[in-house]
Amino acid sequence: MAIPHVRLLTTPDLKEVARLQTLAYESRFHEPVEAFRAKLIAAPASSWIAELADTPVGYLITLPLHDQDGLPLPALSDARTVQTHPKANWLYVHDLAVDPQYRGIGIADKLIARALCYATQHDIPQLGLIAVQASEAFWNRHGFQRMAAPDPVVASKLRSFGSDALFMTQRLSKVCGKSIHTID
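Residues numbered from 1 in each chain as written. Predicted model: local features only at pLDDT ≥ 70, side-chain atom pairs only at ≥ 80, totals over all residues. Heavy atoms only, no water.

Caption draft 1: Summary view of the overall build of the chain. If you tally the helices and strands in the chain, you get five helices and eight strands. Going from N to C terminus, the chain has its helices and strands arranged as β-α-α-β-β-β-α-β-α-β-α-β-β. Looking at the chain as a whole, 48% of its 184 residues are labelled buried. For the chain, restricting intrachain contacts to residue pairs at least 6 apart in sequence, the fraction spanning at least 24 positions comes to 71%. (Helix = DSSP H or I, 4+ residues; strand = E, 2+ residues; numbered from the N terminus. Buried < 20%, exposed > 50% of the residue type's maximum accessible area, 1.4 Å probe, protein only. Contact = heavy atoms within 4.5 Å.)

The structure is reproduced here in structure tokens:
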């Protein structure tokens, strides 16, 4: 099997993002292209697409956020402008999707590694995400841990993703310019 190529996500890729999302997620989690566009406009340097032989097979959309008054997570399907922050202290992993026929060959690993590098390069000490569709074990394997009691802002957004949604986090540390996972 060929090695996936990961590059920055661009506006022309959004149609493929929508297609991949329908393959990877239950319909209640599908977002319109306009919602993805708003996130991409807000953070064009922190979202990526993976390709095999020029065919999009996965994507990852992240947003650099700051939690001064509670972490400002965007609502699912919200097409309003997302407020990112130049002095972010969180990299919010909004959406990761891999075409089911290409799972298990390292595409998600490459996309997540790109996000970890981005966070390290931009001195963002932690990542957070809302895990859905019973994906806790997947995210645990990538260094994320369930946050037992998220702040009220996060808890409110979490409920909008369903009763089984979990908020998960990962702290990063720099050692010799490389990121390492730390678990509190």
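Caption draft 2: Region of interest: the packing of aromatic side chains. Scanning all chains against the criterion turns up six aromatic pairs. Note on Phe138 and Trp139: the rings are 4.9 Å apart at their centroids and 85° apart in plane angle, and the pair reads as edge-to-face. Residue classification places Phe138 among the partly exposed positions, given a relative accessible area of 23%. Arranged with centres 5.3 Å apart and planes meeting at 80°, the rings of Trp139 and Phe144 form a pair that is edge-to-face. Trp139 sits in the buried class, given a relative accessible area of 7%. Exposure remark for Phe144: the relative accessible area of 1% places this residue in the buried category. (Phe/Tyr/Trp six-rings, centres within 6.5 Å; stacked < 30°, edge-to-face > 60°.)

Caption draft 3: Geometry of the pairing of strand S2 (residues 47-52). With six of its six residues buried, S2 lies for the most part within the structure. Neither face of S2 is open: one carries Ser47, Ile49 and Glu51, the other Trp48, Ala50 and Leu52, and all of them are buried. Sheet topology places strand S1 (residues 5-8) next to S2; four bridges connect them, and they run antiparallel. Of the residues in S2, the one forming a bridge with Val6 is Ala50. Examined bridge by bridge, S2 and strand S3 (residues 55-65) share six bridges and lie antiparallel to one another. Within the sheet, the bridge partner assigned to Ala50 lies in S3 and is Gly58. Here S2 folds back onto S3, and the loop between the two strands holds two residues, one of which, Ala53, carries a positive phi near 50°. (Pairing = 2+ DSSP bridges.)

Caption draft 4: Main features of the environment of Arg146. In this structure, Arg146 sits in strand S6 (residues 145-146). Not counting residues within four places of it along the chain, the set of residues in contact with Arg146 comprises Glu136, Leu166, Phe167 and Met168. Only 2.9 Å separates the side chain of Arg146 from the side chain of Glu136, close enough to count as a polar contact. (Polar contact = N/O pair within 3.5 Å; in protein donor to acceptor, adjacent residues only side chain to side chain.)

Caption draft 5: Region of the structure containing the pairing of strand S5 (residues 126-131). Counting buried positions over the six residues of S5 gives six, a clear majority of the element. Residues Gln126, Gly128 and Ile130 line one face of S5 and the alternating positions Leu127, Leu129 and Ala131 line the opposite face, and both faces are buried. By the bridge criterion, three bridges tie strand S4 (residues 90-98) to S5 in an arrangement that is parallel. Note on S5: the bridge partner recorded for Val93 is Leu129. Once you follow S4 into helix H3 (residues 107-121) and on to S5, the crossover reads as right-handed. (Right-handed = clockwise from strand over helix to strand, strands pointing away.)

Caption draft 6: Geometry of helix H1 (residues 14-24). Among the residues of H1, those classed as buried are Leu14, Val17, Ala18, Leu20, Gln21 and Ala24. Summarising the axial view, the buried residues of H1 lie within an arc of 165°, below the 170-degree limit, and thus occupy one face. Buried residues belonging to H1 abut helix H2 (33-42), S3 and S4. (Arc of directions from axis to C-beta.)

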